[in-house]
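What the coordinates show
Here is how the chains run, residue by residue.
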Amino acid sequence: MKPQHSPEEINSYFIEQVKDYAIFAMDTEGIITTWNQGVEQLKGYKEAEFVGRFYGMLFPDEYQQAGKPELELKSALEDGLYEIQDWRKRKDGSLFWANIKLTPIYSDGKHIGFTKITGDRTEQKELRDKLAARQQSALEHKNTELQRINLDLDTFIYTASHDLRSPIMNIEGLMEILRKELVAADALNSTTEEILKHVVDSVGRFKRTIADLTEISRMQKGFSESASNEVINIKEVYDEIMADLNKPANLKDCFIHTDLQVYQLKFSRKNFRSILYNLISNAIKFQSPDRDCLITLSTRLEEPWVVLSMEDNGLGINARQQPQMFTMFKRFHDHVEGTGIGLYMVKRILENAGGKIELKSEEDGGAEFRLYFPAAV
């Protein structure tokens, strides 16, 4: 039995009667040649108002002025398909958010026109926008809460450090009085001397911890000032630090070799001094007792970075401990003074400025710190 309608006719009827999507065809210049009911449903045009016109009339006015309809045809022809979600215009001038597919049509290998399918995605976009707004609101609320917590933390650190200074100073004073009383009573022997020493050392560590907490608070507040426009001279900062480090007579001499291929850096001077001071003083403090102390400081340009390398032949650190190297108050060698705050601060300052730090080390095999500063100069 012969079918009543050919597949081509059925396909044509189907396209014409689809209402949820605007489906139409154009010639090679973008002139509309067909129409379906979805065009009227979605865009408001009847067939007589639609067929024979350039399809650019469906674009917002500013898109038409920018030549966007022609660019879409060109892209579809070059890529075989142009697909996008963007704004489109109805007959009454109102805009809607559309899902668009533009496809070139060929016959016997010859380009004869384009087909275009447009769907209304306004509702989905509104839902996404509402979700994005809620997420942004939640993020802003979280940021406000974090700012409040940071303020509370700063207040706590300031109050704690301020309130603890007085009793610590009293303990120091009382220990000095106790020492004098023991001497006067001829009761200062090796045992009491050792006890006094431990108490005084503990007080000293307590004072340094308070100072470090204050410094962390200061550093957090200063992060907003880290993006500095000042251009610093690396050699000058290095010379200042060495002048300070050479003052203590109890530091074992270290030979420091410098290879500065880059002399200038766009960075906060006080922050760079803090970074370099921590690295050099650590290399000196954690030198090996079994060999002469050798330190190499170098700078070079590796776009987009200025790389500062600090390499020593000191005690080093094993691979298992390295992931914790930049943790606050984390220490791995107890035979020298320190609170484990220096490298934490170095990492925070550097990362806040858009840089990074890497460590290569092995136990009793020295260490190399590689610091990457954005090469703004």
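Scroll up to find the structure.
The structure displayed is predicted, hence computed values, not measured ones.

Another point: the state of the cysteines. Counting across every chain of the model gives 1 disulfide. A sulfur-sulfur distance of 2.0 Å marks the disulfide that ties cysteine 254 to cysteine 293. When the S-S torsion is 95°, as for the bridge of cysteine 254 with cysteine 293, the disulfide is right-handed. Of this pair, cysteine 254 sits in strand β6 (residues 254–260) while cysteine 293 sits in strand β8 (residues 293–302); the two residues are 39 residues apart in sequence, bridging distant segments of the chain.

Time to look at the nonpolar core. Counting residues in hydrophobic clusters, the biggest one holds 38 residues, and the most contacted among them are Phe272, Leu276, Ile280, Phe369, Leu371 and Phe373. Among the elements of the structure, α8 (234–245), β6, α9 (269–285), β8, β9 (305–312), α10 (342–352), β10 (356–361) and β11 (367–374) are those that each provide at least two residues to this core. Element by element, the count of residues in this core is highest for α9, at 7 residues. Excluding its chain neighbours within four sequence positions, the residues that come into contact with leucine 276 are Val237, Tyr238, Ile241, Leu297, Leu308 and Met310. With 22 residues, the next largest nonpolar core counts Met26, Leu42, Phe59 and Phe114 among its residues.

For the rest of this paragraph, the subject is unusual backbone geometry. Cis geometry marks the peptide bond from glutamate 303 to proline 304; its omega dihedral reads 5°. One non-glycine residue with positive phi stands out, namely aspartate 186, at about 55°. With respect to the element layout, aspartate 186 can be found in the loop between α6 (122–184) and α7 (190–222). Using a relative accessible area of 73% as the deciding quantity, one classes aspartate 186 as exposed. Although it is not a glycine, aspartate 364 adopts a positive phi angle of roughly 60°. Checked against the element boundaries, aspartate 364 lands in the loop between β10 and β11.

Conventions adopted
- Residues numbered from 1 in each chain as written.
- Predicted model: local features only at pLDDT ≥ 70, side-chain atom pairs only at ≥ 80, totals over all residues.
- Heavy atoms only, no water.
- Disulfide = S-S within 2.5 Å.
- Helix = DSSP H or I, 4+ residues; strand = E, 2+ residues; numbered from the N terminus.
- Core = buried A, V, L, I, M, F, W, Y, C linked by side-chain atoms within 4.5 Å.
- Buried < 20%, exposed > 50% of the residue type's maximum accessible area, 1.4 Å probe, protein only.
- Contact = heavy atoms within 4.5 Å.

Just geometry here; none of it tells us what the structure is for.
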